[in-house]
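Given next are the chains, with one letter for each unit.
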Amino acid sequence: MSGMHLSKEFFELLKAIGESKSKQEEDRIIQREIATLKKKMDGSSSKGGLGGKLPTIGHGGGGGGGGSGSHNALNQNRKKAKEFLVRLLYVEMLGHDGSFGYIKAVELAASSSIIHKRTGYLLCSCCLAPEHEFRFMLVNQMQRDLASSSILEICSSLIAVTNLITSDMVPAMASHVEKLMNHGSEIVRKKAVIAYHRMYQLDEHTVDRKDLIDVLRKVLCDRDPSVMGSSLNVIESLATVDPAPFKDLVASLISILKQVIEHRLPSDFEYHRVPAPWIQMKIVRILAVVGKNDANASNGMYEILGECMRKADVGINAGYAVIYECVRTITSIYPNPTLLDAAADAISRFITSQSQNLKYFGVTGLAAIVESHPQYATAHQMSVIECLEDRDETLQRRTLDLLYKMTNPVNVQFITEKLLGFLRNTTDEFLKEDLTNKVCTLAERYAPNNLWYVETITDLFEMSGDFVQQEVAQNLMTLIAEGSGDDEEDENGEE
Amino acid sequence: MISFILMVNKQGQTRCSKYYQWLPMEERVALESEIIRKCLSRSELQCSFLEYRGYKTIYRRYASLFFIIGTKPDIDAAQVGGENKENELGLLEFIHNLVETMDKWAGSICELDIMYQLEEVHFILDEMVMNGYIVETCKGATLKAIDLLERESRKGEAMFK
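Criteria and thresholds
- Residues numbered from 1 in each chain as written.
- Chains lettered and ligands numbered in written order.
- Predicted model: local features only at pLDDT ≥ 70, side-chain atom pairs only at ≥ 80, totals over all residues.
- Heavy atoms only, no water.
- Helix = DSSP H or I, 4+ residues; strand = E, 2+ residues; numbered from the N terminus.
- Rg over C-alpha atoms; globule rule 2.2 N^0.38 Å.
- Buried < 20%, exposed > 50% of the residue type's maximum accessible area, 1.4 Å probe, protein only.
- Contact = heavy atoms within 4.5 Å.
- Areas by Shrake-Rupley, 256 points an atom, 1.4 Å probe, with all protein chains shown as cover.
- Lys, Arg positive; Asp, Glu negative; His and termini not counted.
- Charge placed at Lys NZ, Arg CZ, Asp CG, Glu CD.
- Buried area = accessible area lost by both parts, 1.4 Å probe.
- Salt bridge = Lys/Arg side-chain N within 4 Å of Asp/Glu carboxyl O.
- Polar contact = N/O pair within 3.5 Å; in protein donor to acceptor, adjacent residues only side chain to side chain.
- Nonpolar A, V, L, I, M, F, W, Y, C, P; charged D, E, K, R; others polar.
- Phe/Tyr/Trp six-rings, centres within 6.5 Å; stacked < 30°, edge-to-face > 60°.
- Lys NZ or Arg CZ within 6 Å of the ring centre and 35° of its normal.
- Pairing = 2+ DSSP bridges.
- Axes fitted to C-alpha atoms, helices over the stretch in contact; angles between N-to-C directions.
- Parallel < 35°, antiparallel > 145°, perpendicular 65-115°, else oblique.
- Left-handed = near helix turned anticlockwise from the far one by under 90°.
- pLDDT = per-residue confidence, 0-100.
- Patch = residues over 30% accessible without salt bridge, like charges linked within 9 Å, V, L, I, M, F, W, Y side chains within 5 Å.

## A look at the overall build of chain A
Next up, step 1: Along its length, chain A carries 24 helices and two strands.
Next up, step 2: Whereas a compact globule of 495 residues would reach a radius of gyration of roughly 23 Å, chain A reaches 29 Å, over 25% beyond that.
Next up, step 3: A principal-axis box enclosing the C-alpha atoms of chain A has dimensions of 95 × 55 × 45 Å.
Next up, step 4: The buried share among the 495 residues of chain A stands at 56%.
Next up, step 5: Put simply, of all contacts in chain A between residues at least 6 apart along the chain, 62% involve residues at least 24 apart.
Next up, step 6: When the accessible surface of chain A is summed, it comes to about 21,900 Å², and 49% of that surface belongs to carbon and sulfur atoms.
Next up, step 7: One way to put it: in chain A the 52 positive side-chain charges average out to a point 15 Å from where the 66 negative ones average out.

## Let's talk about the interface of chain B and chain A
Next up, step 1: Contacts between the two partners involve 74 residues from chain B, matched on the other side by 87 residues from chain A.
Next up, step 2: In this assembly, chain B packs against chain A so that about 7,100 Å² is buried in total across both faces, 59% of it on carbon and sulfur atoms.
Next up, step 3: Where chain B touches chain A, the interface holds seven salt bridges.
Next up, step 4: With its nearest N and O atoms 3.8 Å apart, the salt bridge here joins A:Glu186 to B:Lys144.
Next up, step 5: At the junction of chain B and chain A, the tally comes to 35 residue pairs in polar contact (both at pLDDT 80 or more).
Next up, step 6: Here the side of chain B that touches chain A takes 11 residues from helix 3 (residues 88–106) of chain B, the largest share from any one element.
Next up, step 7: Tallied by class, the residues present in the side of chain B that touches chain A amount to 32 nonpolar, 16 polar and 26 charged.

## Section: the packing of aromatic side chains
Next up, step 1: Counting across every chain of the model gives 14 aromatic pairs over all chains.
Next up, step 2: Both rings, one in B:Tyr59 and one in B:Phe66, keep their centres 6.3 Å apart while their planes meet at 40°; by these two values the pair is tilted.
Next up, step 3: On the basis of relative accessibility, which here comes to 8%, the residue B:Tyr59 falls in the buried class.
Next up, step 4: In this structure an aromatic cluster arises from ring pairing among A:Tyr320, A:Tyr324, A:Phe350, A:Tyr360, A:Phe361 and B:Phe49.
Next up, step 5: The ring of A:Tyr404 has A:Lys438 lying over it, and the distance from NZ or CZ to the ring centre is 5.2 Å.

## A short note on the sheet that holds strand 4 (residues 55–62) of chain B
Residue and element names in this part refer to chain B.
Next up, step 1: If you trace the five strands from one edge of the open sheet to the other, you get 2-1-5-4-3, paired in antiparallel fashion. Of all strands in the sheet, those bounded by a partner on one side alone are strand 2 (14–19) and strand 3 (49–52). With direction set aside, neighbouring strand axes in the sheet form an average angle of 20°.
Next up, step 2: Looking at chain direction, strand 1 (residues 2–9) and strand 2 are connected through five bridges and run antiparallel. Of the residues in strand 2, the one forming a bridge with Leu 6 is Ser 17.

## Observations regarding the pairing of strand 2 of chain B
Next up, step 1: In terms of residue burial, strand 2 of chain B counts as a mostly covered element, since six of its six residues are buried.
Next up, step 2: The antiparallel hairpin formed by strand 1 of chain B and strand 2 of chain B contains four residues in its connecting segment, where B:Gly12 sits at a positive phi of about 85°.

## Quick look at the side chain of A:Thr456
All names here are of chain A.
Next up, step 1: Topologically, Thr 456 is positioned in helix 23 (residues 450–464).
Next up, step 2: Classification of Thr 456 as buried rests on a relative accessible area of 5%.
Next up, step 3: From its side chain, Thr 456 meets the backbone oxygen of Trp 452 in a polar contact 2.7 Å long.
Next up, step 4: What Thr 456 contacts, discounting residues up to four positions off in sequence, is Thr 416, Leu 420 and Val 439.

## Considering the environment of A:Lys23
Residue and element names in this part refer to chain A.
Next up, step 1: Tracing the chain through its elements places Lys 23 in helix 2 (residues 23–42).
Next up, step 2: Along the backbone, Lys 23 and Leu 94 are 71 residues apart, and their C-alpha atoms lie at a distance of 9.7 Å.
Next up, step 3: At a separation of 2.8 Å, a polar atom in the side chain of Lys 23 contacts the side chain of Glu 26.

## Points about the packing of helix 7 (residues 139–146) of chain A against helix 8 (residues 151–164) of chain A
All names here are of chain A.
Next up, step 1: Taken N-terminus to C-terminus, the directions of helix 7 and helix 8 make an angle of 140°; their axes are 8 Å apart at the nearest point. Here helix 7 is positioned oblique relative to helix 8, judged by the angle of their axes. The interaxial crossing formed by helix 7 with helix 8 has left-handed handedness. For the pair formed by helix 7 and helix 8, the contact residues are Met 142, Asp 145 and Leu 146 on the first element and Glu 153, Ile 154, Ser 157, Leu 158, Ala 160, Val 161 and Leu 164 on the second.
Next up, step 2: Along the lines of polarity and charge, the residues of the contact of helix 7 with helix 8 split into seven nonpolar, one polar and two charged.

## Comments concerning the confidence of the model for chain B
Next up, step 1: Per-chain confidence: chain B averages 93 in pLDDT, with 96% of residues scoring 70 or above.
Next up, step 2: Prediction confidence for the complex, expressed as pTM and ipTM, is 0.91 and 0.96 respectively.

## Some points on a negative patch on the surface
Next up, step 1: A surface patch of negative charge is lined by A:Glu178, A:Glu204, A:Asp208 and A:Asp211.
Next up, step 2: Topologically, A:Glu178 is positioned in helix 9 (residues 170–180).

## Section: the pattern of salt bridges
All names here are of chain A.
Next up, step 1: Evaluation of the coordinates by the stated rule reveals 37 salt bridges over all chains.
Next up, step 2: Note that Lys 23 is salt-bridged to Glu 26, the shortest N-O span being 2.8 Å. Linking Lys 23 with Glu 26, this pair stays in helix 2, spanning three residues, or about one helical turn.
Next up, step 3: Taking the relative accessible area as the measure of exposure, Glu 26 reaches 4% and is therefore buried.
Next up, step 4: Between Lys 258 and Glu 262 there is a salt bridge; the shortest N-O distance is 2.9 Å.
Next up, step 5: Put simply, Glu 9, Glu 33, Lys 40, Glu 83 and Arg 87 are held in one network by salt bridges that share partners.

## As for helix 7 of chain A
Residue and element names in this part refer to chain A.
Next up, step 1: Counting buried positions along helix 7 gives six out of eight residues, so the element sits mostly inside the fold.
Next up, step 2: All of the buried residues in helix 7 are Val 139, Gln 141, Met 142, Gln 143, Asp 145 and Leu 146.
Next up, step 3: Close packing links the buried residues of helix 7 with helix 5 (114–127), helix 6 (133–137), helix 8 and helix 9.

Structural data, given as structure tokens:
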């Protein structure tokens, strides 16, 4: 594929960007480009410019500024306008301000040519900050497009709505989107579900939770599997907050999962011999949330989870991803010994695998199972230590997580020492905060004696005092003030 | 949820960036340059996942181009203290699915294709991911929608011949 469809100017720009040897050089190129683009905008009424507002088809010929009334010139103008926006996208993508051109994007979104409309919406979605007033300017256009008879226009608008709406725009758009969930085209329905959920996220009053759930129940049974797949995202999201309304969907979900793993979906859903792996993963995740602490609901899931795990074992990543999801679910729902053994078995295979990615899953899987079923941890002590000492920082961090979950009164000192060791050597603020909280929690929960507690927390203050919570500091003070009578404690030097 | 999808080459030049949670420009620039540095500092023998500033990140390298997906806990779940439940291996394979889709569309995708047709790459992504959720993974369905778009746009131009 060559860049033959690009103007010479654009082609040269991309060539220069591609060949630039330093950030400074790239910055200079982009500054020049910004100057060029600004000139194009200023020269709007000249032939070489972009033309004024773009005329639309069906409004007779010519019209609007720029160019002559001939169709070729109009075509040229539109091509230029689209290219202008893509070049603007480059400017912003490479870290420079392109706000002088945003208005062109808003104008192009009003175009009757779908690719221009889409490009206009794209630029708005990528560049307009949530507080930017142009977002509001697009409401009417998006409404018009949602009501269009062209599927492509509706889809452009649904994508734009999802990216661009803010909470005060929801009331104007909600009913338009809701209607589209019954649209004849699956391409539309698939997107409408997500757009509707987005509106719920921004404004729970206009888009009622109960209404959303009712809609989801219908969409779950949509005749098109992609639409069903799309709804799973929203179901998972809502069920995580409150699983109760979804308990009666368990049977449907299991039935869908069964159809999927039996290869009853169209062949386009197969990914390297695994049928719709991402749909499988989503359903299994939903089951985890709905089955948690619920023996009844969990009971219905055991069979399908076992089958799903078995069928996914085809030796490729997509399959392992499904297996891992099943392992996670098995450890969250009401326990079943057979399944737990199968999960532990899978974890064993992962953690002893040569593949670092699978080792990672072994460690995270072990962390999941060990919380509620600590007996599974002992078999893997050696592997865990190896992972802790692996040069792969990601694996180390996951193993720290695992250690934290494996802590008990017997091993607390050993594990705390390990966590403090990492804390001492890291500069990563997020990791520091995480480890600090972990050490505090472990110290409070399992401290073998006061002296150890005081020493540990003191160490903690020296290393990451900023992250230690107030109550911990107060507890420590109280403890020291009461005095254990064994030793003289040094006053810790924290603020 | 997916918070961002990046295509960055090994010189640190961003070839495509898509954000599903708004970040101001300075933060994007900083994030992109730091994350590619982290990816580059890791060896091929290490796992394809890393943690960066609270983002659980998955990356995969194809020739000179890195595909990077950053994830955060789902917005709704985060309100109740939910964790990030994204399946790292699943996303690693999603990246591969994306590359296979673009491959089919371009007839063998390369970095230049992405540069020359940036907006089309965005359109493909828009078919597959919305609001940080994976909504389409069937190559046929995605490319059918793109094909519809391309045919419609050619029709529009033909009208003016």
